[in-house]
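# Residue-level structure breakdown
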Amino acid sequence: MSTTYTEADYENSVIELFQNMGYQHIYGPDIERDFHSPLYNDVLEDYIRRLNPSLPEDAILDALYKLKNYENGDLMQKNEVFTDYIQNGIPVRYNETGKRCSGIVYIVDYNDVNNNLFIVANQWTFIENSNKRPDVILFLNGLPIVLMELKSPSREGTDDSQGYAQIRNYIHEIPSMFIYNCISVISDQLTSKAGTITLDKDRFMEWKTKDGDYGNTKFAQFDTFFEGMFEKIVEYYQKFYLLFQRRHKKI
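A brief report on the enclosed structure follows. Here the structure is a predicted model, which means the values were calculated and not measured. (Residues numbered from 1 in each chain as written. Predicted model: local features only at pLDDT ≥ 70, side-chain atom pairs only at ≥ 80, totals over all residues. Heavy atoms only, no water.)

### A few points about the overall build of the protein chain
Looking only at helices and strands, one finds seven helices and 10 strands in the protein chain. For the protein chain, the proportion of its 251 residues judged to be buried stands at 51%. (Helix = DSSP H or I, 4+ residues; strand = E, 2+ residues; numbered from the N terminus. Buried < 20%, exposed > 50% of the residue type's maximum accessible area, 1.4 Å probe, protein only.)

### Observations regarding the pairing of strand S3 (residues 99–105)
Along a regular strand, successive side chains alternate from one face of the sheet to the other. Bridge count between strand S2 (residues 90–96) and S3: seven bridges; the pairing is antiparallel. By the bridge assignment, Asn-95 is partnered in S3 with Arg-100. Here S2 folds back onto S3, and the loop between the two strands holds two residues, one of which, Thr-97, carries a positive phi near 50°. (Pairing = 2+ DSSP bridges.)

### Focus: the sheet that holds strand S8 (residues 143–150)
Spatially, S1-S4-S7-S8-S9-S10 is the arrangement adopted by the six strands of the open sheet, whose pairing is mixed. Edge positions in the sheet fall to strand S1 (24–27) and strand S10 (192–195), since each of these pairs with one other strand and no more. Direction aside, neighbouring strands of the sheet carry axes that sit 20° apart on average. The pairing of strand S7 (residues 136–140) with S8 spans five bridges and is antiparallel. When the bridges of S8 are listed, Leu-140 appears paired with Leu-143. Here helix H1 (residues 7–20) sits on the sheet in contact with S1, strand S4 (118–122), S7, S8, strand S9 (183–187) and S10, set at roughly 140° to S8. (Axes fitted to C-alpha atoms, helices over the stretch in contact; angles between N-to-C directions. Contact = heavy atoms within 4.5 Å.)

### A few points about the packing of aromatic side chains
Remark: the centre distance and the inter-plane angle together describe each pair of aromatic rings, the angle taken between the planes. Under the definition given, this model contains eight aromatic pairs. With a centroid separation of 4.9 Å and an interplanar angle of 85°, the aromatic rings of Phe-18 and Tyr-23 are classed as edge-to-face. You can call Phe-18 buried: its relative accessible area is 0%. Relative to Phe-139, the ring of Tyr-40 lies with its centre 6.0 Å away and its plane at 70°, an arrangement referred to as edge-to-face. Of the two residues, Tyr-40 is situated in the loop between S1 and helix H2 (41–51) and Phe-139 in strand S7; the sequence distance between them amounts to 99 residues. Phe-139 carries the same exposure label as Tyr-40, and that label is buried. Cation over ring: Arg-33 sits above Trp-124, and NZ or CZ is 3.7 Å from the ring centre. (Phe/Tyr/Trp six-rings, centres within 6.5 Å; stacked < 30°, edge-to-face > 60°. Lys NZ or Arg CZ within 6 Å of the ring centre and 35° of its normal.)

### Considerations on the nonpolar core
Nonpolar side chains in soluble globular proteins tend to end up buried together. Leu-67, Phe-82, Ile-107, Met-148 and Phe-178 are the most contacted members of the largest nonpolar core, which has 69 residues in total. Considering every element that reaches this core, the biggest residue donor is S8, with six residues. Not counting chain neighbours up to four residues away, the residues in contact with Phe-82 comprise Leu-67, Tyr-70, Ile-107, Leu-143, Ile-145, Ile-179, Tyr-180 and Cys-182. (Core = buried A, V, L, I, M, F, W, Y, C linked by side-chain atoms within 4.5 Å.)

### Concerning unusual backbone geometry
Of note, Thr-97 is a non-glycine position whose phi angle comes to about 50°, a positive value. If you trace the backbone, Thr-97 turns up in the loop between S2 and S3. By relative accessible area, which is 76% here, Thr-97 ends up exposed. Even without glycine at this site, Gln-123 takes up a positive phi of about 55°.

### Quick notes on the pattern of salt bridges
Close approach of charged atoms allows side chains with opposite charge to pair. Counting across every chain of the model gives five salt bridges. A salt bridge links Asp-46 to Arg-50; its shortest N-O distance comes to 3.2 Å. One end of the pair, Asp-46, and the other, Arg-50, are both in helix H2, four residues apart, so they sit about a helical turn from each other. Given the relative accessible area of 33%, Asp-46 is considered partly exposed. (Salt bridge = Lys/Arg side-chain N within 4 Å of Asp/Glu carboxyl O.)

### Comments concerning the pairing of S7
Counting buried positions along S7 gives five out of five residues, so the element sits mostly inside the fold. Burial of S7 is two-sided: the residues Val-136, Leu-138 and Leu-140 facing one way and the residues Ile-137 and Phe-139 facing the other way are all buried. Between S7 and S8, which follow one another and run antiparallel, lie two residues, and Asn-141 among them has a positive phi close to 55°.

This is the structure we're talking about:
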């Protein structure tokens, strides 16, 4: 009987870990949706309305339009616009009692983490320049903010170079997915690293702690990496993404 630990085995282990952290698991092929949209639209629209109950429908529709449509610019510029949206909310204009009003539509609740929906999805097909199906995607309120490329440690010749190359291929083939990307992960269980779309492979880094003590381990175990970084994804996203943005500007 074969004892080979496959990529599918590792994928299932990662999904189980996230389920234990309170994430809802969905299997991509089971969801009826638009395969040409990187967003989980039903969830996104539901949570935007939940998080902004005092705003009229015109404001919600304006926010959804801005989330789905970006003015001319390269991928990095679009990603920067989205980063501002997720951190500070989306400025909107709407009509109310015959007057033109302005407001902010929030897409994440930073005050109450439990007021957000965290989903771990696998085999989530997206069609743009070609048909791609990333291993694992983390959705925050329907927004695909984390993409993971997993490799089996038992596969000969596999290292983080292959995972990084696959991420770069995704950026080329399904660039719209990365408008919303905050963190990209490459992992073969033995080594797990994370970075942003602006970084080369050497600047992807490990997350070696669950409790903030960076001296507690030389190499990050896969559960330490994922639990330490993503158990409270709203908080860790801000710290991690801003860290890499500062690094990028110094290059």
